[in-house]
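# Summary of structural features
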Amino acid sequence: MDADICIIGSGVGGGAVALSLADSGARIAILERGERLPREAQNTDPTAVFIDRRYRTKESWVDGTGAAFTPGQYYFVGGHTKFYGTAMFRLREQDFEASEHEDGVSPAWPLSYAELEPYYAQAEALFGVHGESGVDPTEPPRSSAYPYGPIPHEPLIGALAEKLRLRGLHPFHMPSAIDLREGGACIRCGTCDAFPCRLGAKGDAEVCLIDPALQRPNVSLHTGCRVTRLITDDAGKRIVAAEFERNGVTETIRAALFVLSAGAINSAVLLHRSATPQHPNGLANSSGAVGRFYMNHNTTGLMALMPFTVNDTRFTKTLSLNDFYASGAGNIQMLGNIQEPMLRSAVPSLPSWVGRPLAHHSVDWLVMSEDLPHADSCVRVLPDGRTQLDWRRTNMATHAAFVKQTRQLLREIGFSAVLGRPFGLDVPSHQCGTVRFGDDPASAPLDPFCRAFDHPNLYVVDASFFPSSAALNPALTVAAQALRVGEHLKANLHTF
Ligand SMILES: Cc1cc2nc3c(=O)[nH]c(=O)nc-3n(C[C@H](O)[C@H](O)[C@H](O)COP(=O)(O)OP(=O)(O)OC[C@H]3O[C@@H](n4cnc5c(N)ncnc54)[C@H](O)[C@@H]3O)c2cc1C
Ligand code: SF4
């Protein structure tokens, strides 16, 4: 194969760059290891999704101690957004600046919120985000209104919002990318967060980015192509080709420009796997930072119980709270409805006759705090080829205190008890930070446009580039920066 631009990975980052460059006329080949996710009955079946793990990778990774686990990774066209909860947040202005935390400093980004703002607006338009501005005190300035108005709360969630308001808090309608426009395809089906959408109504990267990009004849998508190595020229500077496996056969694609977007963990893995005698620590890695500074949010799921009320809400993810964000504690938002098989998959010893009433009589919340970059928090490739994810969590005391505070708040607004479970290493949903961007090549592999300092024709645009994780869901920020990179590339295509 041969192309002008080779994009590796069809998630948010790769999809947004592909769409930005689609009208440039350049021949763009998107290589994706997965296939299109079939629309089928199992999409909405919690047993198929959580017990049978029908869509999860079967890969085995190891943790820092060498213990094997199967990660919550999904390889399909559209990447992790096929399963995401559709919460489409902009980071807050403070997230772009350095701030002190219990376990150290959350570093500044090499660009300001104001610089990214126009691209946030573009990303919201592409994903058809519904939202409400003017309520959340942490909301940053916006140049335009949300594309669509807020998703109305269903009665139970509306009543909870009112109770929180009466306590002097500022609950707001969560920004969300589901197609609930007039005539839109979303039916508020009740299985959105962590499930794929059977109707194509979820604003995911396949629907909002890849398929529109493919409308152009110069853009092609090649599924089932797992890229295994990037190859440089003799000088070790330019990337000249990518090696990939398709149907058990090794093939090569040559291109003038390579845009890597395999997800924060797999992009670091690929750069490590591409090591040469000239680059023994992997490509783009003269800083030594590739694979380091891995972050994932500190998150805990809470089930707030109400023994005398059945939770019949279908789409729960309409409510969020940022009143504790500015102090460094983090964000509270609704989880999708927890169903009995989901509980059983997390706690296999829990009998169904206990899990079923718990699921029916609970309202489910997600408490999310910032994880700081730590040099020893690493993605590595072991000599036997397996991926090691050695996550050194930070700020856990802050997170524990925030969870305690949230449990107390939930009891105060009427729940009789609150059960909780932190999400672990095997749930790398908000993975980021492994190929960070910055101003200084000594400490960051990428420049502020996500270009590798070491390789002028290599860009990395997935969530790898985050120098800090903030405490809000990452997908909109990945999209915004990739659109910014896309615009920059378009203006400079003649230089590659
Ligand atoms: C269950 C779940 C819920 C979530 N909910 C939210 C939410 O509500 N809001 C939010 O903002 N974020 C959410 N996230 C996180 C969000 O989905 C990710 O931040 C976002 O999708 C990351 O995009 P990306 O482009 O960095 O990577 P990915 O989405 O991981 O895309 C990487 C792509 O590269 C492909 N790939 C990987 N390796 C190779 C290779 N070697 N060769 C070729 N292709 C390769 C993958 O198959 C994939 O398509 C959620 C994630 C999960 C799993
Ligand atoms: S709630 Fe709407 S967008 Fe989400 S899975 Fe159901 S139909 Fe699709």
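Residues numbered from 1 in each chain as written. Chains lettered and ligands numbered in written order. Predicted model: local features only at pLDDT ≥ 70, side-chain atom pairs only at ≥ 80, totals over all residues. Heavy atoms only, no water.

## Concerning the sheet that holds strand S9 (residues 226-232)
For clarity, the threshold we go by: DSSP-based pairing: two strands are paired if at least 2 bridges between them are found. Per the convention used, a helix needs a DSSP run of H or I reaching at least four residues, while a strand needs a run of E reaching at least two, with both numbered from the N terminus. Whenever a helix is involved, its axis is fitted only over the stretch in contact; in every case the axis is a line through C-alpha atoms, and angles between N-to-C directions fall within 0 to 180 degrees.
If you walk across this open sheet you meet the 3 strands as S9-S10-S11, and the pairing is antiparallel. The sheet terminates laterally at S9 and strand S11 (249-254), the two strands that pair on one side only. On average, each strand axis in the sheet is inclined to that of its neighbour by 25°, with strand direction left out of account. The sheet contact formed by strand S10 (residues 239-246) and S11 spans 6 bridges and is antiparallel. Directly across from Glu243, in S11, lies its bridge partner Thr252.

## Remarks on the site of ligand 1
We apply this condition: Being near a molecule or strand, for a residue, means having at least one of its heavy atoms within 4 Å of it. The term polar contact refers here to a pair of N or O atoms within 3.5 Å; inside protein, the definition further demands a hydrogen-donor-capable atom paired with an acceptor-capable atom, and it admits residues adjacent in sequence only when both atoms are side-chain atoms. In this description, accessible areas are obtained by the Shrake-Rupley approach with a 1.4 Å probe, and a residue is regarded as covered only by the protein chains that are shown. Ten residues, namely Ala, Val, Leu, Ile, Met, Phe, Trp, Tyr, Cys and Pro, are considered nonpolar, four, namely Asp, Glu, Lys and Arg, are considered charged, and the remaining ones, Gly among them, are considered polar.
Within the structure, ligand 1 sits among 34 residues, and Glu32, His80, Gly85, Ala87 and Ala475 are positioned closest to it. Within the backbone of Ala87, an N or O atom sits 2.8 Å from a nitrogen atom of ligand 1. With the chains in place, 95% of the 1,000 Å² that ligand 1 exposes on its own is no longer accessible. At the level of elements, helix H1 (12-21) and S9 are the ones that each hand at least two residues to the shell around ligand 1. Considered class by class, the residues forming the shell around ligand 1 number 15 nonpolar, 15 polar and 4 charged.

## What about helix H10 (residues 475-492)?
Filter applied, for reference: An expected span of 1.5 Å times one less than the residue number is assigned to each helix. Note on classification: 1.4 Å probe, protein chains only; a residue is buried when its accessible area is under 20% of the maximum for its type, exposed when over 50%, partly exposed between these limits.
With 18 residues, H10 extends 26 Å between its outermost C-alpha atoms, agreeing within 8% with the 26 Å of an ideal straight helix rising 1.5 Å per residue. The element H10 is extensively covered by neighbouring structure, given that 14 of its 18 residues are classed as buried.

## Some thoughts on the site of ligand 2
All residues adjacent to ligand 2 are Ile178, Cys186, Ile187, Arg188, Cys189, Thr191, Cys192, Cys197, Ala201, Lys202 and Phe315. Broken down by class, the residue content of the shell around ligand 2 amounts to 8 nonpolar, 1 polar and 2 charged.

## Points about the sheet that holds strand S14 (residues 319-321)
An order of S7-S14-S15-S16-S13-S19 is seen for the 6 strands of this open sheet, with the pairing classed as antiparallel. Lying at the two open borders of the sheet, with one neighbouring strand each, are strand S7 (172-173) and strand S19 (417-422).

## Regarding the nonpolar core
The line we're drawing: Remark: nonpolar core denotes a set of buried residues (Ala, Val, Leu, Ile, Met, Phe, Trp, Tyr, Cys) joined through side-chain atoms within 4.5 Å. It only takes one pair of heavy atoms within 4.5 Å for two residues to be counted as in contact.
Judged by nonpolar contacts, the single largest core of 97 residues is most densely connected at Phe127, Leu230, Leu271 and Leu458. Take this core: its biggest share by element is 9 residues, from H10. Sequence-distant contacts of Leu230, that is, excluding residues within four places in its chain, are made with Ile8, Ile239, Ala241, Ala242, Phe258, Leu271, Ser274, Leu283 and Leu458. Membership of the second largest hydrophobic core comes to 24 residues, among which are Ile157, Ala329, Trp365 and Val367.

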